[in-house]
Structure formats: structure tokens, C-alpha cells
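Fold and geometry: a report
Take a look at the letters that make up each chain.
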There are 2 protein chains.
Amino acid sequence: MNRTLYGYWRSTAAYRVRIALGLKGLEWDQSVIDLRFGHQSDPAFLKLNPQGMVPFLVDGDAGLAQSLAIIEYLEEVYPDPPLIPGTPVERARIRALAMTVACDIHPINNLRVLNYLRKELGQDEAGVNQWAQRWINAGFRSLEQAAQVSTGPYLAGNMVTLADICLVPQLYNARRVETDLAPYPGLLALEERLFRLPAFEAARPENQPEAVFV
Amino acid sequence: MNRTLYGYWRSTAAYRVRIALGLKGLEWDQSVIDLRFGHQSDPAFLKLNPQGMVPFLVDGDAGLAQSLAIIEYLEEVYPDPPLIPGTPVERARIRALAMTVACDIHPINNLRVLNYLRKELGQDEAGVNQWAQRWINAGFRSLEQAAQVSTGPYLAGNMVTLADICLVPQLYNARRVETDLAPYPGLLALEERLFRLPAFEAARPENQPEAVFV
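Residues numbered from 1 in each chain as written. Chains lettered and ligands numbered in written order. Predicted model: local features only at pLDDT ≥ 70, side-chain atom pairs only at ≥ 80, totals over all residues. Heavy atoms only, no water.

Residue and element names in this part refer to chain A. Relative to the helices and strands, Tyr15 resides in helix α1 (residues 12–23). Under the relative-accessibility criterion, Tyr15 is labelled buried at 1%. Each C-alpha atom of the pair Tyr15 and Tyr172 lies 9.9 Å from the other, and the pair is 157 residues apart in sequence. (Helix = DSSP H or I, 4+ residues; strand = E, 2+ residues; numbered from the N terminus. Buried < 20%, exposed > 50% of the residue type's maximum accessible area, 1.4 Å probe, protein only.)

Shown next as C-alpha cells:
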């Protein structure tokens, strides 16, 4: 079956989907949408995903947008191993932790938003980083609390879940904007454990074929 | 059973949960967390929801954060009527439309973000509205496309779904920041249809007991 992930090495939302695909043991092709050159607005890509955003997953006949919607789909179609395990209450808690990243941090620090701060609001890199750190710290404070009270080695207990899948890419992004991570020992220890899992290691931005270091 | 929604009349995320509870035919008490006075940071509320955000739903013994996680929980525990119906692909599409609002518009225009623009970046109301309109228009363009190609009277076809639940509060917010909605005739027609449903009408901000008009 044809399975292609349209993404970009530095997109943290695409990074989430790479981890989820890997944890599910699925194989996929990667198609690079180079956000630096605005390729998300190319007519051919817009035809596929009118919203013009990555990630976008083609899975057989299905075209799927929005990283969390993609992962919920993977969870329903390829249930093993589960990434949102447990009772409805446990599943809600996992989703809430994931959304602390996917709703309350990431969208506010997305490339298009930072570009608006730079171009329309005249912010320099220090101003942009301060902006990004503000929302990262607000979210990380509650995620650190969650890590401290977790009943297992992962963010939501004994199993790797959607919450971990969202956390790791956000830590990568936090370093890019020079966030001081010292207040989050629980999250850093968790990250170290997660990178021992091949699906997390393989999904790292720097391990993508299109990664460039300038 | 005790069921209490901690919310605020103007919070569009709380508005989503009110609609969902109403569509499911559930009863609930409302507890007002007045965001104008920072009551989301009161110690008593932080004990309940360490993230200090609304909405927060107490459903019996369960405490649930994040509007979309709450609605997924309601969907699992009270499946009728379904708000995310269909095949995994159809469900993914509904979730993606919902996240176009819940991830790509709303968090960037949230009160705390607009306050940062005002206070830290010195934006006046025109600047703040321009900011908000930018992200609303980006999202509404693809939602309007979805409305135009919908195979039924609602955003994702023949049934009222999570996508409609997210759209209506975002239209309310769009008007607050003076967005020109003329480019979105499909969304406006859809909104009119949805307000004929009692759950949408009852959930309107101006129909909440704590609504004040100043």
C-alpha cells in the first residue's frame, strides 16, 4: 500500500507523526515540503491539502491532515501498540497532555507566527525567542508537574503515549529558541528514556535525509 | 452524578463544551471562572486544573481538561448521538476540521496572547485585531472550502459533528475582532442552520447567566 508522509525535518508536527508511524511499526515514504521556500503553497501540494500545512499523510486512498487527527486515525486503523491506551478518563488525560503541546504551545510558536512577529511587528531574534519561551514555559510547567506525578517511566504512566509523542518534538523546538530547560528535570529525564526507543531516535529531525545544517 | 463545567461565557473553548454537552442531552452545573479578573490562577482552581485554563469538566470522579479532550471523552462515555461519526477516515476529517479551529486559529488569538501583544509588544486595538484576523482568515479560507464541498447541510456532511462545534464559537470570536465575514458565505449559512438547534442556541455566550454587556 502507498503510504507517504509529506513533512519537513524541522516541523515538530511532522516529527510527531514520524514517531507514531515508527511506534506502530509501519513503513512509509517521506516527501519533503520545504517550508523555508514556501513549498507548502505550491499548487500541487495545495491540491492535496488545501490548508497548505504539513504534516499530510497519504495512507492508501486516504489523505489526512493535522498531526493529532492523523495519529487518532493511525490508532483506530492500526491499534497495536496503542498510543492512547486505557479507560476514557485515562485517554482524556493523555489527550489533554498532548494538547498542552499541540494547542497551547506549538501553534503560537509556529513558523508563520514567528515570521509575522519579525516582519509585521518588527521583532528581533531576542524578541521572537522571548515570545516563544513564554508559551513554552507556561505549558512545560504543567507538563513537568505531570512528569513528577507520573506513576510510570513515561509522561502518562507505564506506556509510551501520544503525550510523549508530543513532548519530545516540543523539547527540540524549545532548544531552538534557547529556552532554559533547567526547571524541567522530569521532562529531560523522560526525553532521555524516550530516545532509547528506536522510533523516537529515527524520527529526530537531524536523522531525516533532507536535514541541512547551516 | 455531579457534573460541573468550569468555564466563562466568552471562552470559545468552553463554548464548544457547552454545545457538546447539550447535543449529548446531558445536564450540568456551570461554575464561572472569570478570566477578566484572573480567576483561572486562583489556588482553588489551580488545585483542580494545574494548567489554570478553562474549560475544565468534572464528571463524577473525573476531572477533565482541554476542550477537545473533554469532547472525545464525552463521545466515548455518552456515544449517542455521535459527534465524531463514521469510518476512521471520516473521523479523521472531522477532527482535522475541528483542529483547524482548535489548533490553527484559537490558541494564537487567545486572551493571554492578545494581552502579550498589548502589554509586551505595545500593540493597539487595531494591531491586535489585525493579528487575530490574519489567523482567522487563514483558517476560515480552508473551512469555507470544506463548507462548499460538504455533501450535507453541516460542515462534514449530513450530521452535526465536532467540526461544527468548533466553527460556531470561532465565528463568534471572529466578530469580536471585527473580521470581515463576507468572504465566507458557506460558513455563515451553516452557522444560521446550526443556531436552529437548541444545543447551539443555549450555548451562546450571551445566553450564559454570567454574561455582562458593558
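Let's shift gears to the interface of chain A and chain B. Across the boundary between the two partners, chain A contributes 40 residues, which contact 40 residues of chain B. Taking both sides of the interface into account, the surface hidden between chain A and chain B amounts to around 3,600 Å²; carbon and sulfur atoms contribute 65%. Counting across the chain A and chain B interface gives 8 salt bridges. The salt bridge partner of Arg95 of chain A is Glu72 of chain B, with a shortest N-O separation of 3.7 Å. Applying the counting rule to chain A against chain B returns 14 residue pairs in polar contact (both at pLDDT 80 or more). Listing elements by their share of the side of chain A that touches chain B, those giving two or more residues are β4 (62–65), α3 (67–77), α4 (88–102), α5 (111–119) and α6 (125–149) of chain A. Ranked by the residues each element gives to the side of chain A that touches chain B, the list is headed by α4 of chain A, at 9 residues. In terms of residue class, the side of chain A that touches chain B is made up of 25 nonpolar, 7 polar and 8 charged. (Contact = heavy atoms within 4.5 Å. Buried area = accessible area lost by both parts, 1.4 Å probe. Salt bridge = Lys/Arg side-chain N within 4 Å of Asp/Glu carboxyl O. Polar contact = N/O pair within 3.5 Å; in protein donor to acceptor, adjacent residues only side chain to side chain. Nonpolar A, V, L, I, M, F, W, Y, C, P; charged D, E, K, R; others polar.)

Another point: the pattern of salt bridges. In total, this model carries 26 salt bridges over all chains according to the counting rule given. Notably, a salt bridge pairs Lys24 of chain A with Glu75 of chain A, separated by 2.7 Å at the nearest N-O pair. Here Lys24 of chain A is found in the loop between α1 and β2 (29–32), whereas its partner Glu75 of chain A is found in helix α3, with 51 residues between them in sequence. Comparing Lys24 of chain A with Glu75 of chain A, the two get one shared label, buried. Between Glu76 of chain A and Arg95 of chain B there is a salt bridge, and its shortest N-O distance comes to 3.1 Å. Pair noted here: Glu76 of chain A is in helix α3 and Arg95 of chain B is in helix α4 (residues 88–102), and the two residues belong to different chains. When salt bridges that share partners are traced, they join Glu72, Glu76, Arg91 and Arg95 of chain A together with Glu72, Glu76, Arg91 and Arg95 of chain B into one network.

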